[in-house]
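Per-entry structural report
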Amino acid sequence: MQQNATTILPQQVVLGLGANWRQFALLVAVNCFVGSMVGLERSVFPLLAEAEFGVRSATAATSFIATFGVAKAFANLAAGRLASRFSKRRLLLAGWAFGLPVPWLLVLADSWGWVVAANLLLGLNQGLTWSMTVNMKVDLVGPRRRGLALGLNEAAGYMSVAAAAYLSGEVAAAHGLRPGPLYLGIAFSAAGLALSTLVKDTTAHVRLEAAPLGAGGTSLLAAFADATWRRRQLWGASQAGLTNNLNDAVLWGIFPILCARRGFSLEEIGLLAAAYPLVWGALQPATGALADVAGRKPLVVAGMAVQAIAIWLAAGSTSFGGLLVLVSTVGIGTALVYPTLLAAVSDAAHPEDRASLLGVYRFWRDAGAIAGALLGGAIADAADLGDAMRFVALVTFAAGVVAAFTLSPAKDRAYAGGGS
């Protein structure tokens, strides 16, 4: 295996952030536009359901998030195996092909069903493009700077989510909920596709890292079993990731409606919707680097406790200032959790199996968006919006306890040799 890999690898292929900074920076830029696509919807679309389409049920109003979550989860699951067949670069470009029609469909939508259909395409776009930027960055840097690399990737994506959420709120306040904010999406998707054509594939980097380790190549079924129940480190990460996106879905779909019913303006709702991913995104380079030093488990457990407490308190807060502090605190907790879980899964994966295992982890993580949208909407309809938030706070705290008993105290170094 090692001799074969050596003969097919070009001499200039090396692992490390410094050696690959140009391609790494290009992938960071691409992920900015990936995040911007979903950020458009965080402040505007939960409000569209009621204001333009007459959807009064919280469950129906959050259906677009559930559809998005289903599409993204299955795109994540398939992406790892498809990448080994078609290359990660091709899947990145395919993801943008799904994303290009999304803003146009939303501009033309004359029923809520159009919005749900557009979010099906957006989920495929996000599953393929975000998965490939994550995997390609991990391929480039090797194992020693993995947490930092993932922190930078997620920071780029979620700071762009925040920026787009804020901008769409401002445009909506000035020009209405449609079509103004959606013109931003047309520009974002075109720019993301254009930059992605410049990205180079990273297959050679995977082969270089895998060469001393022997062959990988586990099946998708085996990877699914490993990350779902068979390997404690992996299923512990999967359940934590699922819960993280469960609470994110409630903050995305329920929280803006709660704020609107409490009398906040569109500008205020846009700022609150942006503050959470802004703090989450900005802190991830630091938390990712910290996870490389302190290990994965302490950051995940602490982060989920912080999320749970802040969400519980936000459910009862009625002041703009108080809510701004609390959603920012949720962002701090999420920054501790998000890149760290990706790094924990990558630590435990053979390089040739990493895309598949990350795909299964991301499948379960994004299944949390489905659960959060459906459970949050159902609880909000049966009780109230605040009770939906309190429920996910309790679930988040419980998932942190499970993580404390399943994740390794330090990094799983089974496949952490080599690279810089």
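Scope of this entry: the structure provided in the associated data block. (Residues numbered from 1 in each chain as written. Predicted model: local features only at pLDDT ≥ 70, side-chain atom pairs only at ≥ 80, totals over all residues. Heavy atoms only, no water.)

**What to know about the packing of aromatic side chains**
- Enumeration according to the criterion identifies 11 aromatic pairs in this entry.
- Ring geometry for tryptophan 280 and tyrosine 338: centres 4.9 Å apart, planes at 70°, overall edge-to-face. Remark: tyrosine 338 occurs in helix α16 (residues 320-347) and tryptophan 280 occurs in helix α14 (residues 266-294); sequence separation between them is 58 residues. Both residues of the pair, tryptophan 280 and tyrosine 338, count as buried.
- Seen from their ring centres, phenylalanine 363 and tryptophan 364 are 5.0 Å apart, and the 75° between their planes marks the pair as edge-to-face.
- The ring of tryptophan 130 has lysine 72 sitting right over it, with the charged end atom 5.6 Å from the ring centre.
- Sitting over the face of the ring of phenylalanine 24, lysine 137 holds its NZ or CZ atom 5.7 Å from the ring centroid. (Phe/Tyr/Trp six-rings, centres within 6.5 Å; stacked < 30°, edge-to-face > 60°. Helix = DSSP H or I, 4+ residues; strand = E, 2+ residues; numbered from the N terminus. Buried < 20%, exposed > 50% of the residue type's maximum accessible area, 1.4 Å probe, protein only. Lys NZ or Arg CZ within 6 Å of the ring centre and 35° of its normal.)

**Topic: the packing of α16 against helix α17 (residues 354-382)**
- Where α16 meets α17, the axes come as close as 9 Å, and the angle between the chain directions of the two elements is 140°. Considering their axes alone, α16 and α17 lie oblique with respect to each other. For α16 against α17, the interelement crossing comes out right-handed. Residues Tyr338, Leu341, Leu342, Val345 and Ser346 of α16 lie in contact with α17, whose contacting residues are Arg354, Leu357, Leu358, Tyr361, Arg362 and Arg365.
- Residues that form the contact of α16 with α17 fall into these classes: seven nonpolar, one polar and three charged. (Axes fitted to C-alpha atoms, helices over the stretch in contact; angles between N-to-C directions. Parallel < 35°, antiparallel > 145°, perpendicular 65-115°, else oblique. Left-handed = near helix turned anticlockwise from the far one by under 90°. Contact = heavy atoms within 4.5 Å. Nonpolar A, V, L, I, M, F, W, Y, C, P; charged D, E, K, R; others polar.)

**Notes on the side chain of threonine 287**
- Summarising the element assignment, threonine 287 is placed in helix α14.
- Assessed through its relative accessible area of 9%, threonine 287 is described here as buried.
- Among the polar contacts listed, one links the side chain of threonine 287 to the backbone oxygen of alanine 335, at a separation of 2.7 Å.
- Every residue in contact with threonine 287, bar those within four places of it in the chain, is listed here: Leu299, Ala335, Leu336, Pro339 and Thr340. (Polar contact = N/O pair within 3.5 Å; in protein donor to acceptor, adjacent residues only side chain to side chain.)

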